[in-house]
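A look at the structure
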Amino acid sequence: MYRKAYASKLMSPEQAVSMIPQGATLVHGMAASEPPALLSAAADRVRSGDLKNLYVFSLFPMGTAAKTILAPDIADQVFAYTWFVSSSDRCTVKCGLCSFVPNNFHEVPRLCSEYMDIDVTVTTVSPMDNAGYFTFGTVNDYISTAARHCKKLIVEVNEHMPRVFGDSLLHISEVDAVVEHSEPLLELNPSVPSEEDKTVARQVAELVPDGATIQLGIGGIPNAVCSFLDDRNDLPIHSELFCPGMMDLIHKGVITGARKNLHPRKHLFTNALGTREMYDFIHDNPSMESYPVSYINDPAVVASNDRFISINATIEVDLLGQCNSEYLGDMQYSGTGGQLDFVRGAFNSKEGKSIIAFRSTAKNGQVSRIVPSLESGAVVTVPRMDTQYLATEYGIVQVKGKSTRDRALEIIKIAHPKFRDWLLREAEERRII
């Protein structure tokens, strides 16, 4: 029965993208769920002049999307929007060929369902099972919602996409077209941490008690924290991102979820980005569950996990405790992502901690990441009233509940020594101390 329905919807990429109308709004899966055959076919249709005025919404576009549907040569007919800026679209955002849509990540599914009129959603899925179900695989986030709030849903079946448990099922009856195309999934190897990263990570790991639920953000420091947690017991995962470091801790028996009060013994995530080994580990593993980002990143859900420890990175912090994690120089460099979601959720968790970890300097020690104030035009990702713990290689400070004077003095303690006198003078001139 389901195989017959599958066969009736099976077609070539070219046939599938012919469903995209002129002036359509199209949403595609991110990272490892970018559907290469469909995005390439759609780009070819634009290049031929057959498809015009296409509005494309992405998040963290990598690999295929940047080379096909978001390629500069068709930017006159493809109007690109992104919910998170990455290295692939940073230049197009800077030159005006792509527009950034500010958001808290947990709200993006609601933006898709309530604030957008989506014509077509395209994404990669795992092969269909005997009950007629695909899964969204490594990426659930907003795409599972966009898939159910669009006029046409086209899926690209890839045999390399892992089958994932949780709220990740998609039935053949919900799909308008199926394309089969298998190629290795996009992989991202963790960056090699610097000595400064290791120092920061080692100190941050000391704040993680046995039984703590962990969330790790993007960046070298959060992932490096995993290597300093080998002596912990029964850690659970409730994280926007599942990374190779977490897989290693599961193998070692450090992460078990046994003490978890929400979804015990289950490792929850909304996105997984890493190595082939990690994807194989996730595949058909009943302990691994993915959910939409509207659930995983919801601050209220995060707070429901006791002893929640949120670890994220930032670009710079000022003496009031404001964190700019997304704006560099005069341009949007990344995005808010789920950082503020987890900062707020972790603080409201019983015995929870929100930690922003970063190196004290940039540009080979020439620039302090702790600044007197954020530059005019810079973006505040984490407001001063939300910041709790700040960590550099020079220590960790807790600023929640402290006055502007006391927090400034605390923050200066973790700045690089050569910038501390300058920061003190600036604090005095600004009447902070």
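Criteria and cut-off values
- Residues numbered from 1 in each chain as written.
- Predicted model: local features only at pLDDT ≥ 70, side-chain atom pairs only at ≥ 80, totals over all residues.
- Heavy atoms only, no water.
- Phe/Tyr/Trp six-rings, centres within 6.5 Å; stacked < 30°, edge-to-face > 60°.
- Helix = DSSP H or I, 4+ residues; strand = E, 2+ residues; numbered from the N terminus.
- Buried < 20%, exposed > 50% of the residue type's maximum accessible area, 1.4 Å probe, protein only.
- Lys NZ or Arg CZ within 6 Å of the ring centre and 35° of its normal.
- Pairing = 2+ DSSP bridges.
- Contact = heavy atoms within 4.5 Å.

Details of the packing of aromatic side chains
Evaluation of the coordinates by the stated rule reveals 10 aromatic pairs. Look at Phe-57 and Trp-83: their rings are 5.5 Å apart centre to centre, the planes differ by 35°, and that puts the pair in the tilted class. Residue Phe-57 is located in strand β2 (residues 54-58), and its partner Trp-83 is located in the loop between β3 (78-82) and α5 (90-94); the two are separated by 26 residues in the primary sequence. For the pair Phe-57 and Trp-83, a shared accessibility class is recorded, and that class is buried. Pairwise contacts between aromatic rings join Phe-57, Tyr-81, Trp-83 and Tyr-142 into one cluster. Across the ring face of Phe-347, the terminal group of Lys-400 is positioned such that the distance to the ring centre comes to 4.1 Å.

Some points on the pairing of strand β24 (residues 389-392)
Judged by which residues are buried, β24 turns out to be covered on both faces: Tyr-389 and Ala-391 on one side and Leu-390 and Thr-392 on the other are all buried. Direction of pairing for strand β20 (residues 353-357) relative to β24: parallel, over a ladder of 3 bridges. Looking at the pairing, Ala-357 lines up with Ala-391 of β24. Where β24 meets strand β25 (residues 395-398), 4 bridges bridge the pair, whose relative direction is antiparallel. By the bridge assignment for β25, Leu-390 is matched with Val-397. Hairpin connection of β24 to β25: 2 residues between the antiparallel strands.

Remarks on the environment of Pro-244
Summarising the element assignment, Pro-244 is placed in helix α10 (residues 244-251). Accessibility expressed as a relative area gives 9% for Pro-244, which makes it buried. For the pair formed by Pro-244 and Gly-274, sequence separation is 30 residues and the distance between their alpha carbons is 6.0 Å. If we ignore the near neighbours within four places in the chain, the residues touching Pro-244 are Pro-190, Leu-273, Gly-274, Thr-275 and Met-278.

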